[in-house]
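# Coordinate inspection notes
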Amino acid sequence: ANLLNNAKTIGILAGDGCRESRAAVIELSKKLNAPITHSLRASDIFDHDTDNVVGLTGLIGNPSGYNAVMKCDLLLMLGTDFPYIDFLPHETKTIQVDIRQENIGNRTAVSLGVWSDISSLLEILNPKVEQKEDTTFIDKLIKNFEDWKGQDEFDRKRYLSKKSDTKLRNLQ
């Protein structure tokens, strides 16, 4: 709780491990004014109309999802073993919570690893987290996400194609 309470901007990367704790993750996100970026496997848990959701990151992600993960002061990874290390920060303080111990720190360095299911942890953590007042970070990302969703299908596909080509060239 101290790491979360002391961080200025927090991003949440939520995976399939959040399936049974959707409401608690959203509650935490609202208290922290933290955008939720989700993995592909969690797309049905955190759809694009859910409060504070700013989309996906990775090869099929969008700019707001990417920026929520890459430009925060502290990244909270909940129930995800997100495999694309080029889309994870490596210099940012990171807390990773996972029921599978071998996933913790597997893709990026973590400042704190917590071996737990998400529901049990958030039941204890949420009451200890202080309400953040500053909404600048999340407001900007939500606006960017809404703008991105408003683009036509051709523009979104062109963005994804360009981003994938650039990442693939950088990996070679």
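Residues numbered from 1 in each chain as written. Predicted model: local features only at pLDDT ≥ 70, side-chain atom pairs only at ≥ 80, totals over all residues. Heavy atoms only, no water.

## What about the overall build of the protein?
Of regular secondary structure, the protein possesses 6 helices and 6 strands. Sequence-ordered secondary structure for the protein, helices as α and strands as β, is α-β-α-β-β-α-β-β-β-α-α-α. Expressed as a percentage of the 172 residues in the protein, the buried residues total 48%. Summarising the internal contacts of the protein: among those between residues at least 6 apart in sequence, 56% fall at separations of at least 24. (Helix = DSSP H or I, 4+ residues; strand = E, 2+ residues; numbered from the N terminus. Buried < 20%, exposed > 50% of the residue type's maximum accessible area, 1.4 Å probe, protein only. Contact = heavy atoms within 4.5 Å.)

## A short note on the sheet that holds strand 5 (residues 93–98)
The parallel open sheet is built from 6 strands, whose spatial order is 3-2-1-4-5-6. Among the strands making up the open sheet, the edge pair consists of strand 3 (53–56) and strand 6 (112–115). Within the sheet, the average angular offset between the axes of one strand and its neighbour, ignoring direction, is 20°. Against the sheet, helix 3 (residues 63–70) makes contact with strand 1 (10–14), strand 2 (36–38), strand 3 and strand 4 (74–78), and its axis sits at roughly 105° relative to strand 3, the strand it touches most. (Pairing = 2+ DSSP bridges. Axes fitted to C-alpha atoms, helices over the stretch in contact; angles between N-to-C directions.)

## Regarding the side chain of Lys-132
When you line up the elements, Lys-132 lands in the loop between helix 4 (118–125) and helix 5 (136–150). Put simply, Lys-132 is tucked away with no salt bridge, and the nearest opposite charge, on Glu-130, sits 6.2 Å away. With sequence-adjacent residues up to four places away left out, Lys-132 is seen in contact with Leu-4, Asn-5, Asn-6, Ala-7, Lys-8, Ile-10, Lys-31, Leu-32 and Asn-33. (Lys, Arg positive; Asp, Glu negative; His and termini not counted. Salt bridge = Lys/Arg side-chain N within 4 Å of Asp/Glu carboxyl O.)

## Here we look at the pairing of strand 4
In terms of burial, strand 4 is largely enclosed, as 5 of its 5 residues are buried. Burial along strand 4 is two-sided: the face carrying Leu-74, Leu-76 and Leu-78 and the face carrying Leu-75 and Met-77 are both buried. Summarising the sheet, strand 4 and strand 5 pair through 5 bridges and their orientation is parallel. Residue pairing in the sheet places Met-77 in a bridge with Gln-96 of strand 5.

## Side note on the confidence of the model for the protein
In this model, the protein carries a mean pLDDT of 90, and residues with pLDDT of at least 70 account for 88%. Taken as a whole, residues 168–172 scores under 50 in pLDDT and shows 1 contact with residues more than four places along the chain or in a different chain. (pLDDT = per-residue confidence, 0-100.)

## Let's talk about helix 5
Taking 1.5 Å of rise per residue, 15 residues should cover 21 Å, and helix 5 covers 21 Å from first to last C-alpha, within 8% of that figure. Of all the positions in helix 5, only Phe-137, Ile-138, Leu-141, Phe-145 and Trp-148 are classed as buried. Buried residues of helix 5, viewed axially, fall in a sector of 90°; they line one side. Facing away from the buried side of helix 5, by more than 90 degrees, are the exposed residues Thr-136, Lys-140, Lys-143 and Gly-150. (Expected span 1.5 Å × (residues − 1). Arc of directions from axis to C-beta.)

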